[in-house]
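Spelled out from the first residue to the last, the chains are:
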Amino acid sequence: MIPELRADFNARYSPDKYRNFLNRLASECGAEIAFRNSETPCFFPRELLDRTAEFGSDLIRQLVGDPSYLAAADQVIPSEFRAPHDTDRPLFIQADFGLVRDAGGELRPKLVEIQGFPSLYAYQATLARVYIEAYDLDRSLQFLLGGIGQDAYRKSLRQAVVADCDPENVVLLEIDPWQQKTAADFLLTQRICGIQTVDFAQVRREGRNLFYERAGRRVPIHRIYNRVIVDELVRKNVKSDFSFRDEVEIEWAGHPNWFYRISKFSLPFLRHPCVPKSQFLHEVKQLPDDLENYVLKPLFSFAGLGVTIGPTRAGIEAIPEPQRSGFLLQERVDFEPVIATPFGPTKAEIRIMYIWNDALQPVTTIIRMGRGKMMGVDQNRNMEWVGGSAGFFPSR
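Now for a quick tour of the structure. (Residues numbered from 1 in each chain as written. Predicted model: local features only at pLDDT ≥ 70, side-chain atom pairs only at ≥ 80, totals over all residues. Heavy atoms only, no water.)

1. Digging into the packing of helix α5 (residues 121–134) against helix α7 (residues 183–193)
Two measures define how a pair of helices packs: the angle their axes make with one another and the distance between the axes. Let me state the cut-off plainly: Helix axes are fitted to C-alpha atoms over the stretch in contact, other axes to C-alpha atoms as well, and angles between N-to-C directions run from 0 to 180 degrees. What counts as a helix is a DSSP run of H or I of at least four residues, what counts as a strand is a run of E of at least two, and both are numbered from the N terminus. Oblique is the label for any angle not covered by the other classes, which are roughly parallel (under 35 degrees), roughly antiparallel (over 145) and roughly perpendicular (65 to 115). Contacts are assigned to residue pairs that have any heavy atoms within 4.5 Å of one another. Gly is put with the polar residues, along with every residue not named as nonpolar or charged; the nonpolar set is Ala, Val, Leu, Ile, Met, Phe, Trp, Tyr, Cys and Pro, and the charged set is Asp, Glu, Lys and Arg.
Packing of α5 against α7 brings their axes to within 7 Å, and their N-to-C directions diverge by 95°. As the angle between them shows, α5 and α7 are arranged roughly perpendicular. In this structure, α5 contributes Tyr121, Ala122, Tyr123 and Thr126 to the contact, and α7 contributes Ala184, Asp185, Leu188, Thr189 and Ile192. Looking at side-chain class alone, the contact of α5 with α7 contains six nonpolar, two polar and one charged residues.

Right, here's the structure in full:
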């Protein structure tokens, strides 16, 4: 994206440097990384990332500020997962964009999807720093958005996760956490925030109070940094003393209801030039003739599960009518390959990560590089110079 930085990195790259990068990353995280990280970081013009972050902010404010939309979104929260003690805004939001070329040949961000749920906040900042150190990148390159520094970023993350609670009484909640691909992020979050990671199945409830076990002690839970995906909870049929709908004395660091309110469900409601044409499948009167240019998505799946690129008419018609309200038919975002690699031009999806403490703040990015039909690391296996990456931009 920035030709001189791209050319310099590619010329100085070696497999030994990549191995050193991976070893340093695992050492920093305290665990092997279970998903693929790209051989290269990505270099973007500052103006492009600022514009992308601004688009995401516009979309988030549009949804949160629209009572009629929120009323419609509330109807899709399953009663068995509707948590009490709701909040008036999401705490963590992710907006994913692809880069496309407009009619004039200019690159512009196009929304892929938006989600009111946490992502790799601790891991991604560490990944960027390790890229800088392992590849001896220019120390003036930036990876945090909005003019914040690394100390301010960590303070913002701690404020979002811990708030005014004793860290001992705050838990990162996940299903079988140490078997998740994101376990490195959990370890880093523990280090930054001083909290514990707890398996959803190990939470104990007594009346309105929750507890977890630590070194033989029963520790009260006052605040939950929620990383549990409901889809996985259902698929694995996880049992626990605790249910999201329980009336218990806790605070949420990322209220679970926002997983539904800001999600693929929101796409047909958004009005913005960066939003692709999207319809709920049950509202489609006539299927388009060019289905190869569309994507069929389950509304509340995660990590690309169940997504069909270029669905067939027969495949869509095979979905029973009562189930069609759970799918979205979306115009396909045709990513422009913009990253020059030894394996040819490679596409990049830009995730803008937001924290909404006192103000909505874009804080950093996750970049996913790929040459397959989809951008997730699971969809780009057995390739090189693809996978998770970090986005850098010049300081001025």
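There is more to say, and it comes next.
2. Here we look at a negative patch on the surface
Heads up, the condition is: What makes a patch is a set of residues exposed beyond 30% relative accessible area and free of salt bridges, joined within 9 Å when like-charged and within 5 Å when nonpolar (Val, Leu, Ile, Met, Phe, Trp, Tyr). Residue burial considers only the protein chains on display, and all accessible areas are found by Shrake-Rupley using a 1.4 Å probe. Salt bridges, as used here, are contacts in which a Lys or Arg side-chain nitrogen is within 4 Å of a carboxyl oxygen on Asp or Glu. When charges are counted, Lys and Arg are positive and Asp and Glu negative, with His and the chain ends excluded. Charge positions are represented by NZ for Lys, CZ for Arg, CG for Asp and CD for Glu. Throughout, exposure labels follow a simple rule: accessible area from a 1.4 Å probe, protein chains only, divided by the maximum for the residue type, with under 20% read as buried, over 50% as exposed, and the rest as partly exposed.
Together, Glu47, Asp50, Glu54 and Asp58 line one region of the surface with negative charge. The residue Glu47 is located in helix α3 (residues 46–64) in this model. The exposed category is assigned to Glu47, whose relative accessible area is 59%.

3. Quick look at the sheet that holds strand β10 (residues 251–253)
In plain terms, the rule: Here a strand pair is declared whenever DSSP counts at least two bridges between the two strands.
Taking strand neighbours across the sheet as the criterion, the four strands line up as β5-β4-β9-β10 in an open arrangement whose pairing is parallel. Each edge of the open sheet is held by one strand with a lone partner, namely β5 (196–199) and β10. For this sheet, the mean angle separating the axes of adjacent strands, direction not counted, is 35°. Examined bridge by bridge, strand β9 (residues 223–226) and β10 share three bridges and lie parallel to one another. Within the sheet, the bridge partner assigned to Arg223 lies in β10 and is Glu251. The sheet contacts of helix α6 (residues 150–162) involve β4 (170–174), β9 and β10, and relative to β9 the element is tilted by about 115°.

4. A few points about the sheet that holds strand β2 (residues 92–101)
Either a parallel or an antiparallel arrangement is found when strands of a sheet pair, and the pairing is made through backbone hydrogen bonds. Strand order in the open sheet formed by five strands is β3-β2-β15-β16-β17, and the pairing between neighbours is antiparallel. Lying at the two open borders of the sheet, with one neighbouring strand each, are β3 (107–115) and β17 (387–389). Going across the sheet, the axis of each strand differs from the next one's by a mean of 30°, ignoring polarity. In this structure, β2 lies alongside strand β15 (residues 347–356), joined through seven bridges in antiparallel fashion. Paired with Ile93 across the strands is Tyr354, a residue of β15.

5. Observations regarding the packing of aromatic side chains
Remark: the centre distance and the inter-plane angle together describe each pair of aromatic rings, the angle taken between the planes. Our working definition: Centre distance within 6.5 Å is the pairing criterion for rings of Phe, Tyr and Trp, where only the six-membered ring of Trp is used; planes under 30 degrees apart are then read as stacked, over 60 as edge-to-face, and the remainder as tilted. For a ring to carry a charge above it, either NZ of a lysine or CZ of an arginine must fall within 6 Å of the ring centroid while also lying within 35 degrees of the normal to the ring plane.
Under the counting rule described, the total for this entry stands at 29 aromatic pairs. Ring centres of Phe242 and Phe244 lie 6.3 Å apart, and the angle between their planes is 55°; on these two criteria the pair is classed as tilted. Relative accessible area serves as the criterion here: at 3%, Phe242 is assigned to the buried category. By relative accessible area, which is 3% here, Phe244 ends up buried. Through pairs of rings, three or more aromatic residues link up here, namely Phe9, Tyr13, Tyr18, Phe21, Phe43, Tyr131, Tyr135, Phe143, Trp385 and Phe392. The ring of Phe211 has Arg218 sitting right over it, with the charged end atom 4.1 Å from the ring centre. The ring of Trp258 is capped by Arg261, whose NZ or CZ atom sits 4.7 Å from the centre of that ring.

6. A few points about α5
Heads up, the condition is: An expected span of 1.5 Å times one less than the residue number is assigned to each helix.
When the terminal C-alpha atoms of α5 are compared, their 20 Å separation across 14 residues agrees well with the 20 Å that a helix rising 1.5 Å per residue should span. A large share of α5 lies buried, amounting to 12 of its 14 residues. Buried residues of α5: Tyr121, Ala122, Tyr123, Gln124, Ala125, Thr126, Leu127, Ala128, Val130, Tyr131, Ile132 and Ala134, and no others. With its phi angle positive at about 50°, Asp136 sits one or two positions after the end of α5.

7. Some thoughts on empty space enclosed by the protein
Using the following cut-off: Grid points spaced at 1 Å and placed over the protein atoms alone form the basis of the search, with a cavity being a set where a 1.4 Å probe fits but cannot get out and a pocket an open set showing protein on both sides within 12 Å along at least five of seven lines. Lining residues have an atom within 4 Å of a point. Grid points are joined across faces, edges and corners, and a volume is the space filled by probe spheres set on the points.
Following the criterion strictly, the structure yields one cavity of 30 Å³ or more and no others. In this structure, the largest cavity spans a volume of roughly 40 Å³. In terms of lining, the largest cavity is formed by Pro90, Leu91, Phe92, Gly116, Phe117, Pro118, Gly254, His255, Pro256 and Trp258. Of the residues that constitute the lining of the largest cavity, the class distribution is seven nonpolar, three polar and no charged.

8. A look at the side chain of Thr341
Within the secondary structure, Thr341 is located in the loop between β14 (327–331) and β15. Dropping the residues within four chain positions of it, Thr341 is found in contact with Asn10, Thr346, Met369, Arg371 and Trp385.

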